[in-house]
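# Observations on the model geometry
Below are the chains, spelled out letter by letter.
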2 protein chains.
Amino acid sequence: MLVLVDAFGGDKAPLEVLKGCILSLSENPGIDVALVGNEEKINKCAKENGLDISSFKIFPAQSEITMNDEPGAVLKEKKDSSISEGLRLLSEDNADAFVSAGNSGAVILGSTMIVKRIKGISRPAFAPIMPTAAGPFMLIDGGANVEVRPEMLRQFGIMGSVYMESILGVKNPRVVLANVGTEDHKGGPLQHKAFELLKTSGINFLGNTEARDIPAGVADVVVADGFTGNIIAKMYEGAAKELFGKIKGVFYKNLRTKIAALLIKKELMELKQYFDYNRYGGAVVLGVRKPVLKTHGSANAVAVSAVIRAAAEFAQSGAIDIIEKKISELKGEEDK
Amino acid sequence: MLVLVDAFGGDKAPLEVLKGCILSLSENPGIDVALVGNEEKINKCAKENGLDISSFKIFPAQSEITMNDEPGAVLKEKKDSSISEGLRLLSEDNADAFVSAGNSGAVILGSTMIVKRIKGISRPAFAPIMPTAAGPFMLIDGGANVEVRPEMLRQFGIMGSVYMESILGVKNPRVVLANVGTEDHKGGPLQHKAFELLKTSGINFLGNTEARDIPAGVADVVVADGFTGNIIAKMYEGAAKELFGKIKGVFYKNLRTKIAALLIKKELMELKQYFDYNRYGGAVVLGVRKPVLKTHGSANAVAVSAVIRAAAEFAQSGAIDIIEKKISELKGEEDK
């Protein structure tokens, strides 16, 4: 089992990526790690920071895609980037999975064009695994496809269900459609049609959900078009950040509140971890032929090690074959 | 200045509504209050609870719209409801503003059909005033129009800007479009066109915003279609509820955490108030000829008094005339 890691993805690359790969050696026994990126820069960073990276094979890639690059760069002006090369190596079976903390748009576009879609899948989705106090859920699509057709939402529901069952071990995952109310007829034409399709997809579709109930853990898979999914993910992140920031401010207010902070520090840190985006290995590019995962741009070593583990679990699970089979069966049903 | 109050709106009606009206007498000097609803039930509730409501005129209305009624009931099977009667009385100039804690859909539909639209406005919007630690912002549309055209988003931006300036005293309100990124070209065709229109609307349009930045107080007016707006409002509410709930749980954990809770109780209550939906008087139905405000279904007396004050301020502001003038000027520009 070999996971290929983009050495130049994220704000803290390559240092935090290298640290994460080293951490993975002890945290994830049995998972081999390789790096892709500029060899000279990688070795220089390792040397300067006293890191032993001798056990990692390095695949060379000359350029780096930044957060400011257009996603299209992955195929054109920076087709020799660490993301492009990593995805090419993956598609040619030099690794079992690829992970990056870099430019999401480039990872999604590159996965679609270089690794290519699973047969029958209209559009790959970007699916972050998100936290609630009741456990994680998959949001699909979290932003890859701003405009979608109802059939795509159905495919998202199926892919999300397979992933949560195969990789996270959720039995019969509860799938819902993000909507403006819980009644069956809510939303616009896209939601109406998607609701009908999801009902007849052989998954545990519970119907519509209001966004209000998502943070309480109402479902294991939340299906949405990429525009709505992006709003859900970012509002969740923004609200949690704002609230934790304000609570921190409250504790620093005076001596009395500082004492309270000391008394409750441990529990608050635990609570913050519940809502930590990095715990579940980030986001999955679902719908392409090999496992591609993306972790947060600000990922630290712990998050990098977590995404390596998640990628290996995805590769071991056989989920991609299951998705292909389910989509082909659905196609068979439709053709009848 | 007379504010007409729906005595049968909300989960705690009529008791909390009556208490709120009495509270308003002391909190909001100079604002007269009248009630609309079943006179017998109102008097019975007042008597049972020892409330003096002798200073409120009661306009009779026989039926009540519940949260389970379809919005259409306001015009048909329950056209003698407190919402229908209240809106009719408002439209016939028996009051300066109408407030309800009842069925949002019925209030919006009733406002549009009974009070009627401001000349030139395509669709009225439901615009909640929402909290951030940096101050309130208006979300427009928060859910009235699931499907919109770009011109409607432009009108929402103009109406929101006028409201925040005229009633909340925000100078040159910062208006943004909710989108999946901050760059000008983000989103789908709706956002692209709306972006161009908002740029040339004579308002302080700052461009696109990511949902992540909304809870930090990035804008005074957040423009969105009703589907997206509903997701924003409900995710904010859901995330805040979940987090405060979990924090409460942490404090009840053991003796040590309970002591911390005692030490910091005051500050946490203050923080919770920052995020309290009821502080700013709820949501405004913007785009109809007279002021209609809706407060939360779970509104208590304090929230009822706050929405009465907000409604009176709206009525005094002349904002509806300003909106009509701006929309007509825009129309004039377009016709040139």
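How each quantity is defined
Residues numbered from 1 in each chain as written. Chains lettered and ligands numbered in written order. Predicted model: local features only at pLDDT ≥ 70, side-chain atom pairs only at ≥ 80, totals over all residues. Heavy atoms only, no water. Axes fitted to C-alpha atoms, helices over the stretch in contact; angles between N-to-C directions. Helix = DSSP H or I, 4+ residues; strand = E, 2+ residues; numbered from the N terminus. Left-handed = near helix turned anticlockwise from the far one by under 90°. Contact = heavy atoms within 4.5 Å. Nonpolar A, V, L, I, M, F, W, Y, C, P; charged D, E, K, R; others polar. Buried area = accessible area lost by both parts, 1.4 Å probe. Salt bridge = Lys/Arg side-chain N within 4 Å of Asp/Glu carboxyl O. Polar contact = N/O pair within 3.5 Å; in protein donor to acceptor, adjacent residues only side chain to side chain. pLDDT = per-residue confidence, 0-100. Pairing = 2+ DSSP bridges.

On to the packing of helix α7 (residues 226-251) of chain A against helix α7 (residues 226-251) of chain B. Between α7 of chain A and α7 of chain B, the least distance of the axes is 9 Å, while the angle of their chain directions is 35°. Viewed along their axes, α7 of chain A and α7 of chain B form a crossing whose handedness is right-handed. Of the residues in α7 of chain B, those touching α7 of chain A at Phe227, Thr228, Ile231, Ile232, Met235, Tyr236, Ala239, Ala240, Leu243, Phe244, Ile247 and Phe251 of chain A are Phe227, Thr228, Ile231, Ile232, Met235, Tyr236, Ala239, Ala240, Leu243, Phe244, Ile247 and Phe251 of chain B. Taken together, the residues that form the contact of α7 of chain A with α7 of chain B break down as 22 nonpolar, two polar and no charged.

Turning our attention to the interface of chain B and chain A. Facing the 48 residues of chain B at the interface are 48 residues of chain A. Roughly 4,700 Å² of surface becomes buried between chain B and chain A when both sides are summed, with 75% attributable to carbon and sulfur atoms. Summed over the shared surface of chain B and chain A, the number is eight salt bridges. Glu237 of chain A is paired through a salt bridge with Arg212 of chain B; the nearest N and O atoms lie 2.8 Å apart. Taken together, the links from chain B to chain A amount to 10 residue pairs in polar contact (both at pLDDT 80 or more). Looking at the side of chain B that touches chain A, the elements that each hand over two or more residues are β7 (175-179), α6 (189-199), α7 and α8 (255-274) of chain B. Here the residues of the side of chain B that touches chain A sort into 27 nonpolar, 10 polar and 11 charged.

Right, let's talk about the pattern of salt bridges for a bit. Within this structure, the stated rule accounts for 37 salt bridges over all chains. Linking Lys253 of chain B and Glu270 of chain A is a salt bridge whose minimum nitrogen-to-oxygen distance equals 3.5 Å. One end of the pair, Lys253 of chain B, is in the loop between α7 and α8; the other, Glu270 of chain A, is in helix α8 (residues 255-274), on a second chain. By sharing partners, the salt bridges in this structure join Lys266, Glu267 and Glu270 of chain A together with Lys253 and Arg256 of chain B into a single network.

Put simply, chain A has an average pLDDT of 94, and 98% of its residues get 70 or more. Across the whole predicted complex the pTM is 0.94, and at the interface the ipTM reaches 0.93.

All right, on to the sheet that holds strand β4 (residues 97-100) of chain A then. All names here are of chain A. If you walk across this open sheet you meet the 11 strands as β3-β2-β1-β4-β11-β10-β5-β6-β9-β7-β8, and the pairing is mixed. The open sheet has two free edges, formed respectively by β3 (57-60) and β8 (205-210), since each of these has just one partner strand. Sheet twist, expressed as the mean angle between neighbouring strand axes with direction ignored, is 25°. Of the pairings in the sheet, the one linking strand β1 (residues 2-6) to strand β2 (residues 32-37) comprises five bridges and is parallel in character. Each bridged residue has a counterpart across the sheet, and for Asp6 the counterpart in β2 is Val36. The sheet contacts of helix α6 (residues 189-199) involve β7 (175-179), β8 and β9 (221-223), and relative to β7 the element is tilted by about 175°. Against the sheet, α7 makes contact with β5 (125-130), β6 (137-140) and β7, and its axis sits at roughly 135° relative to β6, the strand it touches most.

All names here are of chain B. Strand order in this open sheet of 11 strands is β3-β2-β1-β4-β11-β10-β5-β6-β9-β7-β8, and the pairing throughout is mixed. Because the sheet does not close on itself, it has two edges, and the strands there are β3 (57-60) and β8 (205-210). Pairs of neighbouring strands in the sheet enclose a mean axial angle of 25°, with direction left out of account. Bridging between strand β4 (residues 97-100) and strand β11 (residues 292-294) involves three bridges; their strand directions are parallel. Within β11, the position partnered with Ser100 by the bridge is Lys294. This element, helix α4 (residues 104-115), spans β4, β5 (125-130), β10 (283-286) and β11 of the sheet and lies at about 175° to β11.

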